[in-house]
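# Report on the structure
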Amino acid sequence: MATIKEIAELAGVSRRTVDRVINHRGSVKPDTEEKIRKIIEELSYTPNAAGRSLAAHKKKLRLLFCSTKGTYAPIYHPIRLGARQKATDLNEYGVTTDFLTIDREHPYTRGELRHMIDHLDCDGIAISPVDIPGITEIIEWAEKKQIPMVFYNVDQPDYSRLSFVGCDYVKAGRIAAGLAAFASGDEGEICILSSKVANLPSFEDRVAGFRDELSTHYPHMEIVENTLLDGDQFDCYDTIRKIIAGHPDIRIIYLVNPGDYSACHAISKAVGDRKIRIITNDLMEEQIPMLQSGLISATIDQEPLCQGSLPLEILFNHLAMGIQPPSDPVYTRLSIIIGQNSPG
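Described in the following lines is the structure provided in the data block.

Criteria and cut-off values
Residues numbered from 1 in each chain as written. Predicted model: local features only at pLDDT ≥ 70, side-chain atom pairs only at ≥ 80, totals over all residues. Heavy atoms only, no water. Helix = DSSP H or I, 4+ residues; strand = E, 2+ residues; numbered from the N terminus. Expected span 1.5 Å × (residues − 1). Buried < 20%, exposed > 50% of the residue type's maximum accessible area, 1.4 Å probe, protein only. Core = buried A, V, L, I, M, F, W, Y, C linked by side-chain atoms within 4.5 Å. Contact = heavy atoms within 4.5 Å. Axes fitted to C-alpha atoms, helices over the stretch in contact; angles between N-to-C directions. Parallel < 35°, antiparallel > 145°, perpendicular 65-115°, else oblique. Left-handed = near helix turned anticlockwise from the far one by under 90°. Nonpolar A, V, L, I, M, F, W, Y, C, P; charged D, E, K, R; others polar. 1 Å grid on protein atoms, 1.4 Å probe; cavity = no way out; pocket = protein on both sides within 12 Å on 5 of 7 lines; lining within 4 Å. Points joined across faces, edges and corners; volume = space filled by probe spheres on them. Salt bridge = Lys/Arg side-chain N within 4 Å of Asp/Glu carboxyl O. Pairing = 2+ DSSP bridges. Disulfide = S-S within 2.5 Å.

With that out of the way, let us pick up helix α13 (residues 304–321). In this model, α13 (18 residues) spans 25 Å end to end at C-alpha, consistent with the 26 Å of a helix rising 1.5 Å per residue. Judged by how many residues are buried, α13 sits mostly within the fold: 13 of 18 residues are covered. Residue Gly-322 follows α13 closely and has a positive phi angle near 70 degrees.

This is the structure:
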């Protein structure tokens, strides 16, 4: 196993410089940092596990992973899976991770909120700062108690958070525009649809990126509709049918938030024999058959497992090891998934 001394010798720098790069302490010239990180990757260097374990056990840390669930927020299920996997790993270092999941469709009463806040006890919190009862109160409680927080999936820089791990939604919108252009031959009409928006900033940023990419690179493509759908497959079918009938040249539908995917079935029914390609975001289990059958042409995955695991890792490193967390957003990888490379 490589040591910091060996890395320093290969990079031609001091051990202190290598330590600053590994632990994000102080500034290092960009070209020097890149050289050090390349050597670290080539040598598969990891911090001393024994020392890490001893330091962490002494802390007896307790972390809280707070998330939400609901019909129109399916992304949080795989995020929780990633967090639970990381919690299992951290348990070996004496770290306890509690999970609190708030149901968007059955909000807490005032009394339940007070009881929950009164019984909170943790050293660090991973949380997605969506604007629903319970989440806001937890964040305000953590700020008052000066408990470090790492945000994921949704960012709110106005709060005192350590770091943010999540999707670059503007970039995701740009990728969707590129897919739309590829699928349509750089021309034609586009319809933007979305089920109920559980995360309004993500919707707005994706649409902004989509629009900007089209206007910059694809002048022969036109967005003719931008509609938020309300309700299930049967409720939204009539709306979609009218849109399709009113725009016979639509080639692409960008379904920003597929929600429970009922909109996909409504689109298929409304389209009939016309060839209209659907581009969506995120990859859920229910979506895989739709990709494989061609009902959905492509989706843009935002690496939800990482959004669950990395915030806990950042909190652990900060609290147990004193490692300075990244101050800039940590954007997860965006991947294009089609039927041919979908799981299963």
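Counting 72 residues, the largest nonpolar core has Ile-125, Ile-127, Ile-138, Leu-193 and Ile-240 as the members making the most contacts within it. Apart from the residues lying within four places of it in its own chain, the contact partners of Ile-125 are Leu-64, Ile-138, Trp-141, Ala-142, Ile-147, Pro-148, Met-149, Val-150 and Leu-315. The next biggest cluster of nonpolar side chains, apart from the first, holds 23 residues, and it includes Ala-180, Phe-210, Tyr-254 and Ala-298.

Close contact between helix α8 (residues 169–184) and helix α9 (residues 200–217) brings their axes to 7 Å; oriented N to C, the two are set at 45 degrees. Classed by the angle they form, the pair α8 and α9 counts as oblique. Every pair of crossing elements has a handedness; the one defined by α8 and α9 is right-handed. Within the contact between the two elements, α8 uses Tyr-169, Val-170, Ala-172, Gly-173, Arg-174, Ala-176, Ala-177 and Ala-180 and α9 uses Ser-202, Asp-205, Arg-206, Gly-209, Phe-210, Asp-212, Glu-213 and Leu-214. For the contact of α8 with α9, the per-class residue count stands at eight nonpolar, three polar and five charged.

By volume, the second largest pocket is sized at about 260 Å³. Along the wall of the second largest pocket there are 13 residues; nearest its centre are His-77, Pro-78, Leu-283, Met-284 and Glu-285. Listed by contribution, the elements that provide at least two residues to the lining of the second largest pocket are α5 (76–91) and α13. Within the lining of the second largest pocket, the residues separate by chemical class into eight nonpolar, one polar and four charged.

This next bit is on the pattern of salt bridges. All told, the structure shown has 12 salt bridges when counted by the stated rule. Residues Arg-174 and Asp-212 are paired through a salt bridge, measuring 2.5 Å at the closest nitrogen-oxygen approach. Of this pair, Arg-174 sits in helix α8 while Asp-212 is found in helix α9, placing the two residues 38 residues apart along the sequence. Classification of Asp-212 by relative accessible area gives partly exposed; the value is 32%. A salt bridge links Arg-241 to Asp-238; the shortest N-O distance between them is 2.6 Å. With Arg-241 and Asp-238 both in helix α10 (residues 233–246) and three residues apart, this pair spans about one turn of that helix. Overall, Asp-238 belongs to the partly exposed group, its relative accessible area being 32%. Each of Arg-174, Asp-212 and Glu-213 takes part in a single network of salt bridges with overlapping partners.

Moving on to the sheet that holds strand β9 (residues 277–281). Strand order in this open sheet of six strands is β7-β6-β8-β9-β10-β12, and the pairing throughout is mixed. Looking at strand neighbours, the two that pair on one side only are β7 (221–228) and β12 (335–337), the edges of this open sheet. The mean angle between the axes of side-by-side strands here comes to 20 degrees, regardless of whether they run parallel or antiparallel. Taken together, the four bridges between strand β8 (residues 250–255) and β9 define a ladder with parallel strand orientation. Within the sheet, the bridge partner assigned to Leu-255 lies in β9 and is Thr-280.

A word on the sheet that holds strand β2 (residues 96–103). Strand order in the open sheet formed by six strands is β2-β1-β3-β4-β5-β11, and the pairing between neighbours is parallel. Two strands bound the open sheet, and with one partner strand each, they are β2 and β11 (330–331). By the bridge criterion, three bridges tie strand β4 (residues 149–152) to strand β5 (residues 163–166) in an arrangement that is parallel. Bridging from a neighbouring strand, Phe-151 pairs with Phe-164 of β5. Strand contacts of α5: β1 (62–69), β2 and β4, with the helix running at about 165 degrees to β1, the strand carrying the most contacts.

Our next topic: the state of the cysteines. This model, assessed by the stated rule, comprises zero disulfides. For the unlinked cysteine Cys-122, the closest cysteine sulfur is that of Cys-66, found at 9.7 Å. You can call Cys-122 buried: its relative accessible area is 10%. In this structure Cys-167 is a free cysteine whose sulfur lies 12 Å from that of Cys-306, the closest cysteine sulfur available.

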